[in-house]
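# Summary of the model geometry
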Amino acid sequence: MTAQVTCVWDLKATLGEGPIWHGDTLWFVDIKQRKIHNYHPATGERFSFDAPDQVTFLAPIVGATGFVVGLKTGIHRFHPATGFSLLLEVEDAALNNRPNDATVDAQGRLWFGTMHDGEENNSGSLYRMDLTGVARMDRDICITNGPCVSPDGKTFYHTDTLEKTIYAFDLAEDGLLSNKRVFVQFALGDDVYPDGSVVDSEGYLWTALWGGFGAVRFSPQGDAVTRIELPAPNVTKPCFGGPDLKTLYFTTARKGLSDETLAQYPLAGGVFAVPVDVAGQPQHEVRLV
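Residues numbered from 1 in each chain as written. Predicted model: local features only at pLDDT ≥ 70, side-chain atom pairs only at ≥ 80, totals over all residues. Heavy atoms only, no water.

### A word on the sheet that holds strand 15 (residues 155-160)
For the record, the criterion: Strand pairing is assigned whenever DSSP detects at least two bridges linking the two strands. Each helix is a run of DSSP H or I of at least 4 residues and each strand a run of E of at least 2, with the numbering of both proceeding from the N terminus. Lines fitted to C-alpha atoms define the axes here, with helix axes fitted over just the stretch in contact, and angles between the N-to-C directions of these axes take values from 0 to 180 degrees.
Taken in spatial order, the four strands line up as 14-15-16-17 in an open sheet, and their pairing is antiparallel. Here the strands that pair on one side only, and so sit at the sheet edges, are strand 14 (144-149) and strand 17 (177-185). Between one strand axis and the next, the sheet turns by 25° as a mean value, whatever way the strands run. Sheet topology note: the strand 16 (residues 165-171)/strand 17 ladder contains six bridges and is antiparallel. If you follow D170 over to strand 17, its bridge partner there is S178.

Dropping the structure here:
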């Protein structure tokens, strides 16, 4: 696909991740720089906030300002004016895990994965957080990624990045997962891995390609139908934004790239915007009470 690609913020993130559209602004993080970033497309304004540890995702809260965020130390609340407060610890610190990618479903449940911070051990898990607490839904994964839900709320997707596999599950109304199956098995080259994903309003899955210079759109049957190329090797996650949710924003990363590669692709680590024909789903908010 020949897309109109615009770099909207050349901030050279080490590990840009977790973009969400909330209100009329784009929020995302730089995990390794311990930063939360905010971009307002209508005005061009940009704001950044320091985090006390690696910060991995943001999710808005029903009826409240601020966000639920993942830090290496656990799940926290964050407000730009007042900072961070711990909600819960998830795992034993001895595992050297951290949260990674996350999503919120239409019922206000937060789904997030953990991963080994050294990217070596299969110590990561998939969790669901709702009003009853936190439940482990899958386990034995090194790098969890890409949790997202179909528009009808009946299919849940989750990615094992190092296994290059996106799995689909049946998602019940009560939040239980069943019928785990392979949705897509990637074969795009030794150094190309599926990263974050998002599902559009037609039920098609957009998946970022770490090492793959872009993203692929998959049909509900798992067929690759569209590919967007970006001028950055490591694309980490897409999200839909803009007033009509017809702009795909992508975070990217400089992590792991050689000086030679960075010189060849100077926009690596930037945030990119691409107009698309099919709108995304609205960003859901976490129910804490």
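### Notes on the environment of M129
Let me state the cut-off plainly: Any residue under 20% of the maximum accessible area for its type is buried, any over 50% is exposed, and the rest in between are partly exposed; the area is computed with a 1.4 Å probe on protein chains only. Throughout, a contact is declared for two residues whenever any of their heavy atoms are within 4.5 Å.
Note on placement: M129 falls in strand 12 (residues 124-130). With relative accessibility at 7%, the residue M129 sits in the buried group. When the C-alpha positions of M129 and G108 are compared, they lie 9.1 Å apart, and in sequence the two are 21 residues distant. M129 has contacts with I75, L88, R109, L110, F112, V134, V286 and L288, leaving out every residue within four places of it along the chain.

### Considerations on the UniProt feature "binding site: D-xylono-1,5-lactone" in the protein chain
Here is the rule: UniProt positions are given in the numbering used here, feature names are shortened, and annotations may be inferred rather than shown by experiment.
UniProt marks R98, N100, E119 and N145 with the feature "binding site: D-xylono-1,5-lactone", using the numbering shown here. In sequence the annotated residues extend across 48 residues, while in space they remain close, none of their C-alpha pairs exceeding 12.6 Å. Note on N100: relative accessible area 4%, which makes it buried. Aside from chain neighbours lying at most four places away, what touches N100 is I31, T56, F57, G113, T114, M115, I143, T144 and N145. Here E119 shows up in the loop between strand 11 (110-116) and strand 12. For E119, a relative accessible area of 33% gives the class partly exposed. The residues contacting E119, other than those within four sequence positions of it, are C142, I143, L162 and K255.

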